[in-house]
Amino acid sequence: MAERRLLVLFGSQTGTAQDTAERIGREAKRWHLRCRVEALDSCDVANLIHEPLVVFVCATTGQGDPPDNMKMFWRFLFRKNLPAGSLCQLDYAVLGLGDSSYPKFNFVAKKLHKRVLQLGGNPLLPVALGDDQHDLGPDAVVDPWLMALWDKILALYPLPPGLEIISPDVRLPPKYTLHYLPEDSPHRGSDLLQPTAPQGAPCELHPFAARVVSNQRVTAQSHFQDVRLIEFDIAGSGITFSAGDVVMIQPQNCPEDVQQFCQLLRLEPDRCFVLEPTEPGTSLPPLLPQPCTIRYLVTHYLDISCVPRRSFFELLSYFSTNELEREKLQEFSSAQGQEELYSYCNRPRRTTLEVMWDFPHTTSAIPADYLLDLIPRIRPRAFSIASSLLAHPERLQILVAVVRYKTRLSKPRRGLCSTWLASLNPEQGDVHVPLWVKRGGMKFPADPATPVIMIGPGTGVAPFRAAIQERVALGCKGNCLFFGCRYKSKDFYCQTEWEELVTKGFLTLFTAFSRDQEEKVYVQHRIRENGRLLWELLSTGNAHVYLAGNAKDMPAAVAEALQSVLQLEGGLSPSEAEEHLTALERSQRFQSETWS
C-alpha cells in the first residue's frame, strides 16, 4: 500500500500562508497522514522527486513577487535545465492567498501551479485563489477547497484497516510542552535586545539592536495624523543599503497589555521555562531564547494585538468549561458562523487580547503548553528607508505614519509597530530597536545622469527622500518629485529640505495640497498639468518613473494621468499609450511600490 505521507510547503510573508499551512498539517493528523509542514526555502528541493503528495500554500507579495522564504525555491523551479517529466510521480495541489485589489492577484500560485504541471506533476484540484478582499476573507475559498482536497487524498490513500478519522471533538496534542524551571533559576530572555557583535550582516534571526537617535513628529500637533521621522544609529552593525531598500523592524507588545494577558491567563511573568517538541523532529522556535521567561514570550513573541483567525476560535473552544462560551466559540469556528465572526472580529478589528476578555472562563483554562499553537508570533514590519548613507553616514531614517483609527469599539485601534516606535523617547535614556535591512523592489538608474520622475504622496515619499539624498550627494540634478498631502501647513513633510534643494537647482518639485482649496487637488492633477515636461523627460531624457504610496485608488489614477500625458503630448492613441506604459514597466523604467 502507498505510504500515507503528506508534505505541506508554504511561502509566507505576513504569516497568513503559514497559518493556513499549519491548519492543513493539523487536519492531516486527523486523517492519520504523516505530515511535515515547512517553509519552501527550508525544504531540500532536490528531494521533491521522492515526495508522493505535496500541498503548496503561497502568498504573493509586492508586484507579483514570491515571499522571501520561497525565493530560492522559486529560482530553482524556473531553471531552464529541469527535465520535463521530473515531477511525474508527484500528486500536488496549490492554494494561493492574495488580494484582488492588486493587479497581479495570486500571481505566484497561478505560476507555480502551471510550472509543476509542466514538470509532469499531477494536480489533484484546480489552483485555489483565496482573496483578502472577500467579506469572509480567504476562508471563503479555502474551506470548500480543503474539503474537496481531503476527499481526493482519502480516495488515493484510504485509511488503513482498523483506523478511524480522529473526530473534530478530540483535541490534538500541542506542538510543544512548556516545562517550568525551579523558581530560583537564573533569568534569561532579555539578551536578544542587547547590542551584539556583528555575526555577518544582521538578519531576522540575528537583528541589530539599533539605538534610537531622534524621534521627531513631522506633522503639526493640530493635524489628525501623527507622522514621525525616526533616526537610528547603525554604527558597527555592518548594515549597508541603497535607495529603494527596506528596513525590517521587530516590534513588541506594550507592558500594560502584557500584564493584562498574564493576569487573564493566571501566568507568573517572571517564571522561567524551556520548550520541548511533542513530536520528535519538530524544531524549536528559532526566535525564542531557551530558557525563557513568560514576560519575554508575551512581550516579544506572541502577537496578542493581532485580529485572531478562525483557527484561534477553533482551538480555544476545546478549553472551554463554560457552556455559553463554548457554544459561541464553536459557532465562530464553523463554516456557518463566518459572517458573524467577521462582524464580531474582523470588521471592528478586535484584538486577540480583547477576545480573551470576552471569554474569561475559557481564557483562564488555557494550558500554557498551547500558547504557541493558539497565538501566532509577532511578525516584523517593513519600512522604506528614508535616508542615504552618503548624506547620513552610520545612520538610518524612516518615515512612520502612526496607525490609529476608530471602529465601532470604544477604544481606538492602534498599529502595534508604529505605536511602539512613536512611544520611544531617546531623551529618557538609551532605547534600542531590533532591525535588519532587505533589498527593496525599487531599483534606481545605475547611470546617475538619467533623470528620475518620482511620485510619492504621503509617506510614499520616503524611498524618494533616500534616492534624492543619494543622487544629490553624487551631484545629479535631474530629480523631479510630485508630492501630495492634505495641507501645506500641517503635513508637508521635510518641506525645508525640499525647498533648499529647489533653490540649489537639484530638485524640481510639484506639490498637491488636497484640502487647501475648495476643489481637491491630487498628484495625478499635477502630472496632467505638467505633461509637456514629463513627455520631454521620457522621450528625450530616457527618464525613469517611480511611484510609491497607498494602494487604494492612487496608483490607478496616476497610471491614467500618465497615459493621458502620452496621448496629449506624445500623440499616442489610447491603446498605444497603455502599451507604452506597459513597455516602460517591462523595461523597469516605470516601477511602483504600493501598500494597502
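An account of the accompanying structure is given in this report. Values in this document were obtained by computation on a predicted structure and should not be read as measured data.

Before going further, it helps to examine the overall build of the protein chain. Counting its secondary structure elements, the protein chain contains 19 helices and 22 strands. The principal-axis extents of the C-alpha atoms in the protein chain amount to approximately 80 × 60 × 50 Å. Taken across its 596 residues, the protein chain has 51% of its residues classed as buried. Considering only contacts within the protein chain whose residues lie at least 6 apart along the sequence, 77% involve residues at least 24 apart. Accessible surface computed for the protein chain: about 27800 Å², of which carbon and sulfur atoms make up 52%. Of the charged side chains in the protein chain, 62 are positive and 68 negative, and the gap between their average positions amounts to 2 Å.

Further remarks concern the sheet that holds strand S7 (residues 176-180). Reading across from one edge, S7-S11-S12 is the order of the 3 strands in this open sheet, with antiparallel pairing throughout. Edge positions in the open sheet fall to S7 and strand S12 (292-293), since each of these has one partner strand only. Sheet topology note: the S7/strand S11 (residues 272-277) ladder contains 5 bridges and is antiparallel. By the bridge assignment for S11, Thr177 is matched with Glu276.

Further remarks concern the nonpolar core. In this structure, Phe261, Leu297, Leu302, Phe313, Met356, Leu371 and Leu374 are the most contacted members of the largest nonpolar core, which totals 42 residues. Not counting the four nearest positions on each side in its chain, Phe261 is found in contact with Leu267, Val298, Leu302, Ile304, Leu353, Met356, Leu371 and Ile375. Ranked by size, the runner-up nonpolar core spans 30 residues in total, among them Ala243, Phe444, Met454 and Phe483.

The next thing to look at is the sheet that holds strand S14 (residues 395-401). Hydrogen bonds along the backbone pair up the strands of a sheet, which may run parallel or antiparallel. Strand order in this open sheet of 6 strands is S13-S10-S17-S8-S9-S14, and the pairing throughout is antiparallel. Both outer strands of the open sheet, strand S13 (381-384) and S14, are each paired with one neighbouring strand and no more. On average, each strand axis in the sheet is tilted by 40° relative to the strand beside it, whichever way the strands run. Here 6 bridges tie strand S8 (residues 208-217) to strand S9 (residues 227-233), and the two strands are oriented antiparallel to one another. Of the residues in S9, the one forming a bridge with Arg211 is Asp233.

Two quantities define a packed helix pair, namely the angle between the axes and the distance from one axis to the other. At their nearest, the axes of helix H18 (residues 554-568) and helix H19 (residues 574-586) sit 9 Å apart, and the two run at 120° to each other. When the axis of H18 is compared with that of H19, the two are oblique. Our pair here, H18 against H19, has a crossing hand that is right-handed. Contact residues: Ala559, Leu562, Gln563, Leu566 and Gln567 in H18; Pro574, Ala577, Glu578, His580 and Leu581 in H19. Class assignment of the residues belonging to the contact of H18 with H19 gives a composition of 6 nonpolar, 3 polar and 1 charged.

Now for the packing of aromatic side chains. Applying the stated criterion to the full structure yields 14 aromatic pairs. Centre to centre, the rings of Trp31 and Trp150 are 5.8 Å apart; their planes meet at 35°, and the pair counts as tilted. Here Trp31 is found in the loop between helix H1 (16-30) and strand S2 (34-39), whereas its partner Trp150 is found in helix H4 (residues 139-156), with 119 residues between them in sequence. As far as the burial class goes, Trp31 and Trp150 line up, both buried. Feature note: the residues Phe312, Phe313, Phe332 and Tyr344 constitute an aromatic cluster, connected by ring pairs. Over the ring of Phe107 we find Lys104, and its NZ or CZ is 5.3 Å from the ring centre. One residue, Lys111, lies across the ring of Phe78, its end atom 5.0 Å from the ring centre.

What counts and what doesn't
Residues numbered from 1 in each chain as written. Predicted model: local features only at pLDDT ≥ 70, side-chain atom pairs only at ≥ 80, totals over all residues. Heavy atoms only, no water. Helix = DSSP H or I, 4+ residues; strand = E, 2+ residues; numbered from the N terminus. Buried < 20%, exposed > 50% of the residue type's maximum accessible area, 1.4 Å probe, protein only. Contact = heavy atoms within 4.5 Å. Areas by Shrake-Rupley, 256 points an atom, 1.4 Å probe, with all protein chains shown as cover. Lys, Arg positive; Asp, Glu negative; His and termini not counted. Charge placed at Lys NZ, Arg CZ, Asp CG, Glu CD. Pairing = 2+ DSSP bridges. Core = buried A, V, L, I, M, F, W, Y, C linked by side-chain atoms within 4.5 Å. Axes fitted to C-alpha atoms, helices over the stretch in contact; angles between N-to-C directions. Parallel < 35°, antiparallel > 145°, perpendicular 65-115°, else oblique. Left-handed = near helix turned anticlockwise from the far one by under 90°. Nonpolar A, V, L, I, M, F, W, Y, C, P; charged D, E, K, R; others polar. Phe/Tyr/Trp six-rings, centres within 6.5 Å; stacked < 30°, edge-to-face > 60°. Lys NZ or Arg CZ within 6 Å of the ring centre and 35° of its normal.

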